[in-house]
Amino acid sequence: EIYTLSLHDALPICDAALSGIWTGGFALGMILLVWATGELVDLEEYLLGSVMETPPARLAAMGVSAAGVLACVTLGYNKLLAVAFDAELAGLRGVDVRFWETVFCVATALSVAMLAWTVGILLAIAFMSLPAVAASHLAKRLSTQMVVTVAIAFAASAAGLAVNAATGLPSSAA
């Protein structure tokens, strides 16, 4: 008998794998940076980011990426939802489970990469998880949770920038 592990069943395994991949990727990235530059690199920008110093070209790339992710989620919402909650049933109903799991993974990776580009990897981790956790306590439906998550993230960003403007404190973790 062939057993396939759905995305929902694999979450604990994925968390451990993600942790290992993140740590290994970070170590490999450090090695590549040293090899590419021939010197130790200041990690502050990579870890902590610099929101106020993000170049316009980077902002444009982020806008295009965000539009692509939004389009994927909007157009494939029902299929993504079906795959996330019961991949086996979704497959039986004709949903291409592998394709939609790949779309989900690519959209997540793209979102993390774009966010880390601006706020650094440490705040990116917080921005990808904390607003979603808070929204899950405020709304029952996934679609509502997604909207609330975005609202919380925007509110937190605006509040952080307002504190920066008012006090001169850093606009990111740096």
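Structure shown above.
Conventions and cut-offs
- Residues numbered from 1 in each chain as written.
- Predicted model: local features only at pLDDT ≥ 70, side-chain atom pairs only at ≥ 80, totals over all residues.
- Heavy atoms only, no water.
- Core = buried A, V, L, I, M, F, W, Y, C linked by side-chain atoms within 4.5 Å.
- Buried < 20%, exposed > 50% of the residue type's maximum accessible area, 1.4 Å probe, protein only.
- Helix = DSSP H or I, 4+ residues; strand = E, 2+ residues; numbered from the N terminus.
- Contact = heavy atoms within 4.5 Å.
- Expected span 1.5 Å × (residues − 1).
- Patch = residues over 30% accessible without salt bridge, like charges linked within 9 Å, V, L, I, M, F, W, Y side chains within 5 Å.
- Areas by Shrake-Rupley, 256 points an atom, 1.4 Å probe, with all protein chains shown as cover.
- Salt bridge = Lys/Arg side-chain N within 4 Å of Asp/Glu carboxyl O.
- Axes fitted to C-alpha atoms, helices over the stretch in contact; angles between N-to-C directions.
- Parallel < 35°, antiparallel > 145°, perpendicular 65-115°, else oblique.
- Nonpolar A, V, L, I, M, F, W, Y, C, P; charged D, E, K, R; others polar.

**A look at the nonpolar core**
Right, on to step 1. If you look at the biggest cluster of nonpolar residues, it comprises eight residues: Leu80, Val83, Ala87, Ala90, Val95, Val97, Trp100 and Val103.
Right, on to step 2. Within the residue set of this core, elements represented by two or more residues are α4 (77-85), α5 (87-92) and α6 (97-138).
Right, on to step 3. The element best represented in this core is α6, accounting for three residues.
Right, on to step 4. Among all residues touching Val83, those that are not within four sequence positions of it are Ala90, Val95, Val97, Trp100 and Glu101.

**A look at helix α7 (residues 142-167)**
Right, on to step 1. Here α7 is 26 residues long and its end C-alpha atoms lie 37 Å apart, about the 38 Å a rise of 1.5 Å per residue gives.
Right, on to step 2. Inspection of α7 places Gln145, Thr149, Ala153 and Asn164 among the buried residues, and these make up the whole buried set.
Right, on to step 3. Where α7 is buried, its residues touch α6.
Right, on to step 4. Following α7 by one or two positions, Gly168 adopts a phi angle in the positive range, close to 80°.

**Considering a nonpolar patch on the surface**
Right, on to step 1. Where nonpolar side chains cluster on the molecular surface, the patch consists of Leu28, Ile31, Leu32 and Trp35 and spans about 450 Å² of accessible area.
Right, on to step 2. Structurally, the position occupied by Ile31 is in helix α1 (residues 11-37).

**Digging into the packing of α4 against α7**
Right, on to step 1. Two numbers describe how α4 lies on α7: the axes approach to 12 Å, and their chain directions differ by 105°. The orientation of α4 relative to α7 falls into the category roughly perpendicular. For the pair α4 and α7, contact is made by Tyr77, Leu81 and Phe85 and by Leu142, Ser143 and Met146, respectively.
Right, on to step 2. Its residues assigned to classes, the contact of α4 with α7 shows five nonpolar, one polar and no charged.

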